[in-house]
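These are the residues of each chain, in order.
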Amino acid sequence: MKLYLIRHGQTQANVSGVFCGSSDIALTAEGERQAQHVGRQLASVPLDALIHTDMRRSRDTAAIIAHGRELMMETQPLLQEMAFGDWEMRHHKELEASQAEGYQAWCQDWQKADVPQGESFTDFTLRIRQALQQLHLRPQVSRLAIVAHQGSLSLLLAMMLKLAPSDMWRFPFKQGCLCEIDLSHGACVIQRFNDSGI
């Protein structure tokens, strides 16, 4: 199985450096350019499907990549970003200054502390593991492009490599780039990571 993992294009939340999981926001003009660039990188690659989450930033990135091609488009909500509840669209400096509920506890143990009105890391991990299980049900010869989010993609890749969930931070997905993975009988090989094609 060949996988092309793609982080959605830039959003204003990325520019501002705020928590953005369940907030459904649009791409910036730069984000659209990044998606067009990835589309050019994949133009000659035969794909069986282009999978995206049901968040606008992922869906629009996928639509730009698919422009002018006959591609099967699939929605996979299991690959959405972790939901940050009360912290959505807020900067970590603001949360520190306001002594927001639970923020210090989360900084000290982000794997176990709860995000107020948000999603626990345990639940997030279970959801991404379920998405990986569904990938394994596909034919081994599949070629798939997946447009998702920094957190979901890095956790998915850590799982494919059989690393601990906390190792997700080893994989900072850049926007406007490709990550190419060979996945065969449970073995994962990274062929390219954050390849800008330049």
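Before reading on, note that the structure itself is shown above.
Residues numbered from 1 in each chain as written. Predicted model: local features only at pLDDT ≥ 70, side-chain atom pairs only at ≥ 80, totals over all residues. Heavy atoms only, no water.

**What about the pairing of strand S2 (residues 49–52)?**
The criterion, for reference: When accessible area is computed with a 1.4 Å probe and restricted to protein chains, residues below 20% of their type maximum are described as buried, those above 50% as exposed, and intermediate ones as partly exposed. Runs of E in the DSSP output that reach at least two residues are strands. Runs of H or I that reach at least four are helices, and both are numbered from the N terminus. In this description, strands pair whenever DSSP reports at least two bridges between them. Orient the strands so they point away from the viewer, and a crossover whose first-strand-to-second-strand path over the helix runs clockwise is right-handed.
Burial along S2 is two-sided: Ala49 and Ile51 and Leu50 and His52, pointing in opposite directions, are all buried. Relative to strand S4 (residues 143–148), S2 is paired through four bridges, and the arrangement is parallel. Opposite Ile51, over in S4, you have Ile146 as the bridge partner. Taken together, S2, helix H3 (residues 56–66) and strand S3 (residues 73–75) constitute a β-α-β crossover, and its handedness is right-handed.

**A few points about the pattern of salt bridges**
Where we set the bar: Basic side-chain nitrogens of Lys or Arg form a salt bridge, by our definition, when they fall within 4 Å of a carboxyl oxygen of Asp or Glu.
Within this structure, the stated rule accounts for 10 salt bridges. With its nearest N and O atoms 3.4 Å apart, the salt bridge here joins Arg56 to Asp60. Here Arg56 pairs with Asp60, and both are found in helix H3, just four residues apart, close to one helical turn. The exposure class assigned to Arg56 is partly exposed, which follows from its relative accessible area of 38%. Of the charged contacts in the structure, one is a salt bridge between Asp195 and Arg192, with a shortest N-O distance of 2.7 Å. Residue Arg192 is classed as partly exposed on the basis of its relative accessible area, which comes to 26%. Linked by salt bridges that have partners in common, Lys2, Glu180, Asp182, Arg192 and Asp195 make up one network.

**Some words on the packing of helix H6 (residues 121–136) against helix H7 (residues 150–160)**
The angle between the axes and the distance between the axes are what describe a pair of packed helices. Under the convention used in this document: Throughout, an axis means a line fitted to C-alpha atoms (over the contacting stretch in the case of helices), and angles, computed between N-to-C directions, take values from 0 to 180 degrees. Definitions for this section: a left-handed crossing has its near helix turned counterclockwise from the far helix by less than a right angle. A right-handed crossing has that turn clockwise. In what follows, residue pairs with any heavy atoms lying within 4.5 Å of each other are defined as contacts.
It is the contact of H6 with H7, at a shortest axis distance of 10 Å, that shows an interaxial angle of 65°. Taken as a pair, H6 and H7 cross one another with a handedness that is right-handed. Along the contact surface, H6 presents Phe121, Phe124, Thr125, Ile128, Arg129, Leu132 and Leu135, while H7 presents Gly151, Ser152, Leu155, Leu156, Met159 and Met160.

**A look at the environment of Ala83**
Here Ala83 is to be found in the loop between S3 and helix H4 (92–97). In the structure, Ala83 is positioned 57 residues away from Ala26 in sequence and 17 Å away in space, judged by C-alpha atoms. With sequence-adjacent residues up to four places away left out, Ala83 is seen in contact with Gly21, Ser22, Glu88, Gly118 and Glu119.

**Notes on the packing of aromatic side chains**
Quick note on the threshold: For this analysis, a ring pair means two rings from Phe, Tyr or Trp (six-membered ring only for Trp) whose centres lie within 6.5 Å, classed as stacked if their planes differ by under 30 degrees, edge-to-face if by over 60, and tilted for the remaining angles.
By the definition in use, this model includes 12 aromatic pairs. Here the aromatic residues Phe19, Phe84, Trp87, Tyr103 and Trp106 are joined through ring pairs into a cluster of three or more.

**What about the sheet that holds strand S1 (residues 2–7)?**
Judged by pairing direction, the sheet is mixed, and its six strands sit side by side in the order S3-S2-S4-S1-S5-S6 without closing on themselves. Because the sheet does not close on itself, it has two edges, and the strands there are S3 and strand S6 (187–195). Pairs of neighbouring strands in the sheet enclose a mean axial angle of 20°, with direction left out of account.

**With respect to the nonpolar core**
Which entries qualify depends on this criterion: Take the buried residues of types Ala, Val, Leu, Ile, Met, Phe, Trp, Tyr and Cys, join any two whose side-chain atoms come within 4.5 Å, and each joined set is a nonpolar core.
Core analysis: the largest hydrophobic core is formed by 40 residues, its most contacted members being Leu3, Leu5, Trp87, Trp106, Ile146 and Met160. Of all the secondary structure elements, the ones that give two or more residues to this core are S1, S2, helix H5 (103–108), H6, S4, H7 and strand S5 (178–184). Setting aside its immediate chain neighbours within four residues, Trp106 contacts Phe19, Met82, Phe84, Trp87, Ala113 and Val115. Ranked by size, the runner-up nonpolar core spans 14 residues in total, among them Tyr4, Leu47, Leu50 and Leu71.

**Comments concerning the packing of helix H2 (residues 29–41) against H3**
Our working rule: In these notes the angle categories are as follows: under 35 degrees is roughly parallel, over 145 is roughly antiparallel, 65 to 115 is roughly perpendicular, and the rest is oblique. When residue character is reported, Ala, Val, Leu, Ile, Met, Phe, Trp, Tyr, Cys and Pro are called nonpolar, Asp, Glu, Lys and Arg charged, and the others, Gly included, polar.
Running from N to C, H2 and H3 point in directions that differ by 45°, and their axes come no closer than 8 Å. In this view, H2 runs oblique relative to H3, as classed from their interaxial angle. Every pair of crossing elements has a handedness; the one defined by H2 and H3 is right-handed. Residues Glu32, Ala35, Gln36, Val38 and Gly39 of H2 form the contact with H3, whose participating residues are Thr61, Ile64 and Ile65. For the contact of H2 with H3, a count of residues per class yields four nonpolar, three polar and one charged.

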